[in-house]
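Close look at the chain arrangement
Residues per chain, in single letters:
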Amino acid sequence: MEKMNVSLCVVAYNEEKSLPGLLKDIEGQTYSHDRMEILLIDSCSEDRTKEIMQQFAREKGNEFLAVRVVDNPGRIQSCGWNVAITHFTTEVIIRVDAHSHIPEQFVEKNVENLETGEMISGGVRPVLAEQETPWGRTLLLAEASMFGSSASSFRRKGERAYVKSFFHGAYRREVFERAGGFREDLGRTEDNELHYRLRQCGYRLCMSPDIISYQYIRPTLRKMCRQKFGNGYWIGLTLGVCPGCLSLYHFVPGAFVGGILLTTVLAAAGFPWLAALMWGVYGLLAVGMALLAVRGETKTGYQFLLPGLFFLLHVSYGTGTLLGILKMPFWCRGHKYCGSVERVKEQMRHGTATS
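Residues numbered from 1 in each chain as written. Predicted model: local features only at pLDDT ≥ 70, side-chain atom pairs only at ≥ 80, totals over all residues. Heavy atoms only, no water.

Here the focus is the sheet that holds strand S7 (residues 127–128). With mixed pairing, three strands are arranged side by side in an open sheet as S5-S11-S7. Only two strands of the sheet have a single neighbouring strand rather than two, namely strand S5 (100–101) and S7. With two bridges joining them, S5 and strand S11 (residues 214–216) adopt antiparallel strand pairing. The residue of S11 that forms the bridge with Ser100 is Gln215. (Pairing = 2+ DSSP bridges. Helix = DSSP H or I, 4+ residues; strand = E, 2+ residues; numbered from the N terminus.)

The structure is reproduced here in structure tokens:
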């Protein structure tokens, strides 16, 4: 059977440090290069990102079906992915985050999964540290832990299954022709909303444990906390426009921060036992999960900080969620409808693209 043509797409903003490594990964893919279109979307970068993309297109363009560099004037990720969707020319589009590493069989394994009859394919997504230092390794342990991060199936699923969402996905063209593109008014939850809409259209997201891609964590604690705050903030806002795309675990950090506020007020009013109970349970969980995280690891002094790192990540995410929920009623007034979904659908059906 003749292999299908696929488009591997990368959206990047100021990724001059990580992009060369990812482009090397793309060059090393075992899937036939003459069956691969490479779409590189630059989101108005202020560093050498676009220059690196253009150099790759010049030097490697003849090795692939095509290599194209396209601008994303909307700058944010959801706008960039819509640019990719309206520009790819093959049967399948594969999304890859710029801050990632993909093994050499990544494209091939996705195609194999699609060839079984699936419309949407994806895999697991472990995390990596940019710097293999004792502190960097400790940050990685905090992010990789189910307690420090989340119970999302794309992080650690060990068997082929149909899931609600995943990180990197491969989608047949028909999917977007029917369901439309990304909501461009969502900042961090655009994947959740798109995958919910795809499931509502009857599509299933098939995750195979043979498909592996890696995401690099933020290199500093400050950036990790900022990322968690932003993730939580958009969870709070998205609750007002698409609650069905969210799961209960998304709100656990927010409930934790709410519990801190409530038990603190009760303790000040003379009822300290709830605060003692909550902190006792949380402390036991944090220490227990820290011990699990360091099992089999070379021991360093930084690892004693893991319970505190868990706390900072949870508070950052939870604070963002509560602030997002507070702002959500006002934000929703101007975001009941997002025209980018239907715009992309029409462009896909009529073969037009934005430039």
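Having seen the model, we can carry on.
Once that is clear, we can look at the nonpolar core. If you look at the biggest cluster of nonpolar residues, it comprises 30 residues, and the most contacted ones within it are Val6, Leu8, Val10, Ile26, Met36, Ile38 and Val107. If you list the elements that add at least two residues to this core, you get strand S1 (6–12), helix H1 (19–27), strand S2 (36–42), helix H2 (49–60), strand S4 (92–97) and helix H4 (106–114). In terms of nonpolar packing, the next biggest core, distinct from the first, is built from 28 residues, Met119, Val124, Leu198 and Tyr203 among them. (Core = buried A, V, L, I, M, F, W, Y, C linked by side-chain atoms within 4.5 Å. Buried < 20%, exposed > 50% of the residue type's maximum accessible area, 1.4 Å probe, protein only.)

Okay, the pattern of salt bridges next. All chains considered together, the criterion is met by 17 salt bridges. Across the pair Lys60 and Glu63 runs a salt bridge whose closest N-O atoms are separated by 3.8 Å. On the basis of relative accessibility, which here comes to 18%, the residue Lys60 falls in the buried class. For Glu63, a relative accessible area of 35% corresponds to the partly exposed category. (Salt bridge = Lys/Arg side-chain N within 4 Å of Asp/Glu carboxyl O.)

It is worth spelling out the packing of helix H10 (residues 252–268) against helix H11 (residues 273–293) at this point. Across the interface, H10 lies against H11 with an axial gap of 8 Å and an inter-helix angle of 145°. Contacts from Phe256, Gly259, Ile260, Thr263, Leu266 and Ala267 of H10 reach H11 at Leu274, Ala275, Met278, Trp279 and Tyr282. (Axes fitted to C-alpha atoms, helices over the stretch in contact; angles between N-to-C directions. Contact = heavy atoms within 4.5 Å.)

Quick look at the packing of H11 against helix H12 (residues 306–332) now. Direction vectors running N to C along H11 and H12 enclose 120°, while the axes themselves pass 8 Å from each other. Note that H11 runs across H12; the crossing there is right-handed. When H11 is examined against H12, the residues Trp279, Tyr282, Ala286, Val287, Met289, Ala290 and Ala293 are found in contact with a partner set consisting of Leu306, Pro307, Phe310, Phe311 and His314. Classifying every residue of the contact of H11 with H12 gives eleven nonpolar, one polar and no charged. (Left-handed = near helix turned anticlockwise from the far one by under 90°. Nonpolar A, V, L, I, M, F, W, Y, C, P; charged D, E, K, R; others polar.)

For the structure shown, the criterion picks out 14 aromatic pairs. Ring geometry for Trp135 and Tyr302: centres 5.5 Å apart, planes at 50°, overall tilted. Pair noted here: Trp135 is in helix H5 (residues 134–144) and Tyr302 is in the loop between H11 and H12, with a separation of 167 residues, a long-range link. With 5.8 Å between their ring centres and 40° between their planes, Phe147 and Tyr282 make a pair best called tilted. (Phe/Tyr/Trp six-rings, centres within 6.5 Å; stacked < 30°, edge-to-face > 60°.)

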